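A structural walkthrough
Spelled out, the chains give:
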Amino acid sequence: MKQQLRPIMFVGTCSDAGKSVINAAFCRIFKQDGYQPAPFKAQNMSLNSYSTPEGGEMGRAQVVQAEACGIAPHTDMNPVLLKPTGDQTSQVVLCGKPIGNLSAKDYFGRHQQKERLFDAATAAFQRLAARYNPIVLEGAGSISELNLRDRDITNMRMALRAGAATYLVADIDRGGVFGSVYGTIALLRPEEKALMKGIIINKFRGDASLFDEGRKLLHELTGVPVVGVIPWFKDIQIEQEDSVVLDRKQGGFREGKINVAIIQVARMSNFTDFDVLEMDPRFNPYYTNNVKEIERADIILLPGSKNTLGDLRQLHNNGIAEAIVQAYKAGKKVIGICGGYQMMGARIEDPQGIEGNIPALPGLGLLPQRTILEAEKVTRQSRFAFLPTSEETRCEGYEIHMGHTEPLTGAEYSPVARLADGRLDGCYLNDHCWGSYLHGILDNPAVLDHLAEGFDAEATASPFDYKAFKETQYDKLAALVRQHVDMDYIYQTMNFSIHNSYTDKSH
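Presented here is an overview of the structure given in this document.

Conventions used here
- The numbers attached to residues start from 1 for each chain and follow its sequence in the written order.
- Whole-chain, interface and lining totals are the exception, using all residues; otherwise, since this is a predicted model, local features are given only for residues with pLDDT of at least 70 and side-chain atom pairs are given and counted only at 80 or more.
- To get the side-chain values, take all heavy atoms of the structure and skip hydrogens and water.
- Lines fitted to the C-alpha atoms define the axes, with helices restricted to the stretch that makes contact. Angles between their N-to-C directions range from 0 to 180 degrees.
- Secondary structure elements are defined from DSSP: runs of H or I of at least 4 residues count as helices, runs of E of at least 2 residues count as strands, and each element is numbered from the N terminus.
- The cut-offs work like this: below 35 degrees is roughly parallel, past 145 is roughly antiparallel, 65 to 115 is roughly perpendicular, and the gaps in between are oblique.
- Two helices cross in a left-handed way if the nearer one is turned anticlockwise from the farther one by less than a right angle. They cross in a right-handed way if the turn is clockwise.
- In this description, contact between two residues means that some pair of their heavy atoms is separated by no more than 4.5 Å.
- All amino acids are sorted into three groups, where Ala, Val, Leu, Ile, Met, Phe, Trp, Tyr, Cys and Pro are nonpolar, Asp, Glu, Lys and Arg are charged, and the leftover types, Gly among them, are polar.
- Grouping buried Ala, Val, Leu, Ile, Met, Phe, Trp, Tyr and Cys residues that are joined through side-chain atoms within 4.5 Å yields what is termed a nonpolar core.
- The buried label goes to any residue with under 20% of its type's maximum accessible area, the exposed label to any with over 50%, and the partly exposed label to all in between, with areas taken from a 1.4 Å probe on protein chains only.
- Helix span, expected: 1.5 Å multiplied by one less than the number of residues in the helix.
- We define a polar contact as two N or O atoms separated by no more than 3.5 Å, with the added condition that, inside protein, one atom must be a possible hydrogen donor and the other a possible acceptor, whereas residues neighbouring each other in sequence contribute only through side-chain atom pairs.
- Any two strands with at least two DSSP bridges between them are considered paired.

Examining the packing of helix α6 (residues 177–186) against helix α8 (residues 212–222)
- At a minimum axis separation of 10 Å, α6 and α8 run at an interaxial angle of 25°. Considered as vectors, α6 and α8 are oriented roughly parallel to each other. Along this stretch, α6 crosses α8, giving a crossing that reads as right-handed. On the side of α6, the interface is formed by Phe-178, Val-181, Tyr-182 and Ile-185, while α8 contributes Gly-214, Leu-217, Leu-218, Leu-221 and Thr-222.
- Of the residues belonging to the contact of α6 with α8, the class tally is 7 nonpolar, 2 polar and no charged.

With respect to the nonpolar core
- Judged by nonpolar contacts, the single largest core of 90 residues is most densely connected at Phe-10, Phe-26, Phe-40, Ile-135, Leu-137, Ile-201 and Ile-490.
- Apart from the residues lying within four places of it in its own chain, the contact partners of Ile-135 are Pro-7, Ile-8, Ala-38, Phe-40, Phe-125, Leu-128 and Ala-129.
- Formed by 65 residues, the second largest nonpolar core is a distinct cluster that contains Phe-283, Leu-361, Phe-384 and Leu-442.

A few points about helix α15 (residues 466–484)
- Helix length check: α15, at 19 residues, gives a terminal C-alpha distance of 27 Å against a target of 27 Å (1.5 Å per residue), a fit within 8%.
- If you check which residues of α15 are buried, you get Tyr-466, Phe-469, Lys-470, Gln-473, Tyr-474, Leu-477, Ala-478, Leu-480 and Val-481.
- Where α15 is buried, its residues contact α1 (19–32), α2 (60–69), β12 (226–231) and α9 (275–279).
- Its side-chain oxygen placed 3.3 Å from the backbone nitrogen of Lys-467, Asp-465 serves as the N-cap of α15.

A short note on the sheet that holds strand β7 (residues 89–94)
- The strand order across the open sheet built from 4 strands is β3-β6-β7-β8, with neighbouring strands paired in mixed fashion. On the outer flanks of this sheet lie β3 (43–45) and β8 (97–103), each paired with one strand and no other. Between one strand and the next, the sheet's axes are offset by a mean angle of 25°, whatever the strand orientation.
- By the bridge criterion, 6 bridges tie β7 to β8 in an arrangement that is antiparallel.

Focus on unusual backbone geometry
- With an omega of -5°, the peptide bond between Asn-133 and Pro-134 qualifies as cis.
- Positionally, Pro-134 belongs in the loop between α4 (111–129) and β9 (135–138).
- A positive phi angle, near 55°, is found at Asn-270, a position not held by glycine.
- Examined against the element boundaries, Asn-270 turns out to sit in the loop between β14 (268–269) and α9.
- Look at Asn-270 and you get buried, because its relative accessible area is 2%.
- Unlike most non-glycine residues, Cys-338 shows phi in positive territory, near 55°.
- Classification of Cys-338 by relative accessible area gives buried; the value is 7%.

This is the structure in structure tokens:
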């Protein structure tokens, strides 16, 4: 039996420092070294979520990390999930289930509520710690937001509660790494700084030996050693949930590829549904709300949305809705997933005001159906047969949606999927027009191959196994981090015989 390790936590000087990816790397490293790790993030804010086997909802970053660990995702890995519904309001998902919508002022301002959430997060962490070894925790954003520190349930307060060996991740590519690292550590309280075991410099371009003097200077300035300098990489593909990555996925038309325009809506959810298209060499996906780029595409994909009616109204107002309809009439493929599937129908109705003050809107009119939004959220995993011509259920996906979709009177179409429990999903009008509630549907080789049908034969010659591809990427990531981080030192700081742990200094 492997030695019990102290929890480890990765926190950041800023958002998008690379904490999630580094966390995934260590999850895979510990797995490779014979441990049974599990990821944990007390609170996540993201519109990219996932339905767990038990029917709960959690952020996708911890799903990726669970994959790296080789274990099934569970809501204990992300007990609090905030899903923004507007500029100042988020749906709060606690232990996998929505408990209501709150403004940022209410969420951060109610002490009793934050204590309830922190207690729930602590209980989830303890359940994980009883089953896995080690727990690999992730912080959120920057740990130096002093105005939020006393209400924090994610960063150093969680590190203290867990007794975690904590590592600060800094993005050197942004510039100002000395100031950000020094300032972040200087603002820590003494008991927080005592947990800080090392600094990891991330996204370094060029020869890392050129930073040797920088490592020494940072150690002298902060009293905390730099334990790794991880290079910038483009040849390892790891799913990322932070919406800032969409700015790097704009792109445009490319000759010799199947060009896929993904409509960029304001409240896009689960854009990770389309990551597989970036990995499959047959496709060239890009996010856009440019009419010309939509016209040039071979395939147009409508993504999910956390505010379907609001995003649909915007598509009507900016001319994108009409461009999508005209593209379909010109012979392009148009496919919708979840909220995008709802938008493709004749009408969306919100009689209970679930999404706000828009009672109903006409859809794109491409599919003969209407959607009625409802308060109850459906969250479940599904095995299914795609375009069911047999009883085989070899494909996998998951549902996260509020409302149901029904056919118009006299409508004729086929289902997109027959689920293992006998339910039918989606509307398949023809090879060029269909939609489904199933997130992750494109991750299945049968669906990808169908998407590629009708285009250049050379481009569609090679099937793509996304699951196998992801496994190789986790291994490549682990190898890269091993090469550039002092793993002996990391393990020393996680050794219970050297460091006292689980002493709750927050009590």
